[in-house]
Amino acid sequence: MELLGMTTVFLLICISCLLLVATWRNISQNGKQPPGPFALPLAGNILQLNPKNLPESMKKLSEKYGPVFTIHLGPQKVVVLYGYDVVKEALIDQADDFSGRGNLPLFKRVFKGTSILSSNGETWKQLRRFALTTLRDFGMGKRSIEERIQEEAHFLVERIRNTHEKPFNPGGFLTHAVSNIICSVVFGDRFDYEDKKFLTLINLLDENTKYQGAIQTQLYNFFPTLMGFLPGPHQKMMKNVDETDKFILEITAQHKETRDPSCPRDFIDAFLNKMDQEKGNGHSVFTVESLTTSTLDLFLAGTGTTSTTLRHALLILQKYPEIQEKVQKEIDRVIGRDRSPCMADRSQMPYTDAVIHEIQRFIDLIPLNVPRAVIKDIKFRNYFIPKDTMIFPLLTPILHDSKEFPNPEKFDPGHFLNANGTFKKSDFFMPFSAGKRICAGEGLARMELFIFLTSILQNFTLKPVVDHKKIDITPLITSVANMPRPYEVSFVPR
Ligand code: HEM
Ligand SMILES: *[C@@H]1O[C@H](CO)[C@@H](O)[C@H](O)[C@H]1NC(C)=O
């Protein structure tokens, strides 16, 4: 009895010592970690986080815990950065430390950790550098990307003209046009709008935009093993991703047969050349697998984002006919009616430039940003953040900062204009994020937004089907991408 008592006391002392040592080490070596609400085992902060509107939950938590706080998405720990100052300090001033990508389980399943968007370390560095070089204007094919966009804008305008002012939902037309730019860059050519293969591909992407919002898909991020066994939209989504992979593999195989290594036609040819160059290297990151996943990246990251922004744009411009008219006046003055808009025009069109910036600011397309991770143990504002911790550098608090953009919930191109009408730059304009992993398609996306939008307004006036004052332009908030409310519009030739 006494022996048992002694043993218990001894064990208790040992455990206490271990705990003390552990705590002491934690404090002395590492400092404290960012504060946050108490997390339940497995379920994490499900009580504090509304999966349907995470941006709103984040706002509440920041009011309580400040600009740097810790949350748990299920068992996954995440450090949230809230506001311009902390995001700038992290992504720009401590750029290398924060250059990792945090892969939620769904991301891992879709991109396999081998694509530009999802990889880390040396693989990411090389794939990103390669993509940026290849996406740049020159170095690929005979025509510049700008010419490809102009050509596509022309097809888009003709297709709209054929609707003869009948109101319709322009979403499909915009997706086809935007997607064709990526097709042109990656596959070497655009598709006809009626092409069966093209429509199949677009359909796969479209369906996945829907599946991605399903509750089962969100739960996959919390409980991947369990959800992996259960049926539901998330399974359909993965099937679609595998289909898209197959589609890309097929096109890659065709490229292998028809290519001329001395004259790469597109992204795939350039990638195959790179694979040839690195043939002897057993550790090369340029593999058939990373070719498919990187191509998939360009489709997934490049199509929905840009076409949804355009869809918002056409709704907002209907709401404010006076803004639409001012843009059209500027188009008439600088470009006229007889030639295609080009990027050189933009510097002479401060009002149009301000309107496009304001659209991107106002809609706040990707409110939570894409998850990052720290690549080593780091110190940040006196906090300790261990290697591989997932980071959410939120974009909403920056794009809707009320000091930088007075009245942030109001659409006002004045947010980007000086009193004398010149374009006003803002460091808070971060719809593409910032730092080492800033959107790799920013240049391409901005070219598309400018040329598609000015081409449409050069040729048509947007006429709403309801009283313009009644149009609701506030986005439908989701946790991934803010969507415009569904609408129809009539395009009246000018
Ligand atoms: C309006 C359109 C777009 C918006 C708002 C947008 C926004 C973003 C954001 C917020 C990120 C995350 C950056 C970060 O981790 O800090 C990102 C990453 C990325 N975007 Fe975009 N994007 C757009 C269009 C495009 C286009 C057209 C392409 C394709 C050419 C593209 C390709 C990528 C890629 C490859 C990444 C991953 C970069 C990396 O991890 O290094 N995006 N984008
Ligand atoms: C317009 O105003 C801005 C800032 O107020 C100033 O920097 C710029 O030089 C002005 N430009 C012209 C053409 O007056």
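Figured I'd write up the structure that's included with this text.

Cut-offs and rules
- Residues numbered from 1 in each chain as written.
- Chains lettered and ligands numbered in written order.
- Predicted model: local features only at pLDDT ≥ 70, side-chain atom pairs only at ≥ 80, totals over all residues.
- Heavy atoms only, no water.
- Salt bridge = Lys/Arg side-chain N within 4 Å of Asp/Glu carboxyl O.
- Buried < 20%, exposed > 50% of the residue type's maximum accessible area, 1.4 Å probe, protein only.
- Helix = DSSP H or I, 4+ residues; strand = E, 2+ residues; numbered from the N terminus.
- Pairing = 2+ DSSP bridges.
- Axes fitted to C-alpha atoms, helices over the stretch in contact; angles between N-to-C directions.
- Parallel < 35°, antiparallel > 145°, perpendicular 65-115°, else oblique.
- Left-handed = near helix turned anticlockwise from the far one by under 90°.
- Contact = heavy atoms within 4.5 Å.
- Nonpolar A, V, L, I, M, F, W, Y, C, P; charged D, E, K, R; others polar.
- Near = heavy atom within 4 Å.
- Polar contact = N/O pair within 3.5 Å; in protein donor to acceptor, adjacent residues only side chain to side chain.
- Donors = N, O, S within 2.8 Å, 3.2 Å for Na, K, Ca; no water.
- Expected span 1.5 Å × (residues − 1).
- Core = buried A, V, L, I, M, F, W, Y, C linked by side-chain atoms within 4.5 Å.

### Considerations on the pattern of salt bridges
Here is step 1: Per the counting criterion, the structure on display carries 22 salt bridges.
Here is step 2: Residue Lys88 is joined to Asp93 by a salt bridge in which the shortest nitrogen-to-oxygen separation is 3.1 Å.
Here is step 3: Through salt bridges that share partners, Arg259, Asp276 and Lys279 make up one connected network.

### Observations concerning the pairing of strand 1 (residues 68-73)
Here is step 1: Of all six residues that make up strand 1, five are buried, and the element is covered over most of its length.
Here is step 2: Across six bridges, the pairing between strand 1 and strand 2 (residues 76-81) is antiparallel. Counted as the bridge partner of Val68 is Leu81 from strand 2.
Here is step 3: Connecting the antiparallel pair strand 1 and strand 2 is a turn made up of two residues, with Gly74 showing a positive phi of about 60 degrees.

### A look at the packing of helix 12 (residues 267-277) against helix 13 (residues 288-302)
Here is step 1: One way to put it is that helix 12 packs onto helix 13 with a least axis distance of 11 Å and a crossing angle of 155 degrees. One finds that helix 12 runs roughly antiparallel with respect to helix 13. The element helix 12 and its partner helix 13 pack so that their crossing is right-handed. In this structure, helix 12 uses Phe267, Ile268, Phe271, Leu272 and Met275 to contact helix 13, whose residues at the interface are Val288, Ser290, Leu291, Ser294, Thr295 and Leu298.
Here is step 2: Broken down by class, the residue content of the contact of helix 12 with helix 13 amounts to eight nonpolar, three polar and no charged.

### Some thoughts on the site of ligand 2
Here is step 1: With respect to spatial proximity, the complete set of residues near ligand 2 consists of Asn418, Asn420 and Thr422.
Here is step 2: With respect to ligand 2, the side chain of Asn420 contributes an N or O atom lying 2.5 Å from an oxygen atom.

### With respect to the coordination of the iron atom of ligand 1
Metal coordination angles in their ideal form are 109.5 degrees for the four-donor tetrahedron and 90 or 180 degrees for the six-donor octahedron.
Here is step 1: For the iron atom of ligand 1, the sole protein-derived donor is Cys439 (SG), lying 2.3 Å away.
Here is step 2: With respect to the secondary-structure elements, Cys439 resides in the loop between helix 17 (396-399) and helix 18 (442-459).

### Quick notes on the side chain of Ser433
Here is step 1: Looking at the element boundaries, Ser433 is found in the loop between helix 17 and helix 18.
Here is step 2: For Ser433, a relative accessible area of 9% puts it in the buried group.
Here is step 3: There is a polar contact of 3.1 Å between the side chain of Ser433 and the side chain of Asn369.
Here is step 4: Beyond its immediate chain neighbours, meaning those up to four positions away, Ser433 contacts Leu91, Asn369, Arg372, Leu395 and Ile438.

### Some details on helix 7 (residues 171-187)
Here is step 1: End to end, helix 7 covers 23 Å across 17 residues, agreeing with the expected 24 Å (1.5 Å per residue, within 8%).
Here is step 2: Of all 17 residues in helix 7, 16 are buried; the element is thus mostly enclosed.
Here is step 3: Directly beyond the C-terminal end of helix 7, a positive phi value near 95 degrees is found at Gly188.

### Topic: the nonpolar core
Here is step 1: Within the largest apolar cluster, 105 residues are counted, with the highest numbers of intra-cluster contacts made by Leu81 and Phe187.
Here is step 2: Ranked by residue count, the leading element in this core is helix 7, at 10 residues.
Here is step 3: Apart from the residues lying within four places of it in its own chain, the contact partners of Phe187 are Ile182, Leu201, Phe247, Ile251, His255, Asp266, Ile268, Thr295 and Phe299.
Here is step 4: Of all hydrophobic cores here, the second largest spans 16 residues; its members include Leu61, Phe69, Val78 and Leu368.

### Side note on the site of ligand 1
Here is step 1: Neighbouring ligand 1 are 26 residues; Arg101, Arg128, Arg372, Ser433 and Cys439 lie closest to it.
Here is step 2: Taking Arg128, its side chain carries an N or O atom lying 2.8 Å from an oxygen atom of ligand 1.
Here is step 3: Here an oxygen atom of ligand 1 sits 2.7 Å away from a polar atom, N or O, in the side chain of Arg372.
Here is step 4: Of all elements in the fold, only helix 5 (121-135), helix 13, helix 14 (304-319) and helix 18 reach the threshold of two or more residues within the shell around ligand 1.

### Thoughts on helix 6 (residues 145-161)
Here is step 1: The end-to-end C-alpha distance of helix 6 is 24 Å, a good match for the 24 Å that 17 residues give at a rise of 1.5 Å each.
Here is step 2: Within helix 6 the residues assigned to the buried category are Ile145, Glu146, Arg148, Ile149, Gln150, Glu152, Ala153, Leu156, Val157, Arg159 and Ile160.
Here is step 3: Of the surrounding secondary structure, the elements contacted by the buried residues of helix 6 are helix 5, helix 7, helix 18, strand 8 (460-464) and strand 9 (489-493).

Keep in mind these numbers describe shape, not what the thing actually does.
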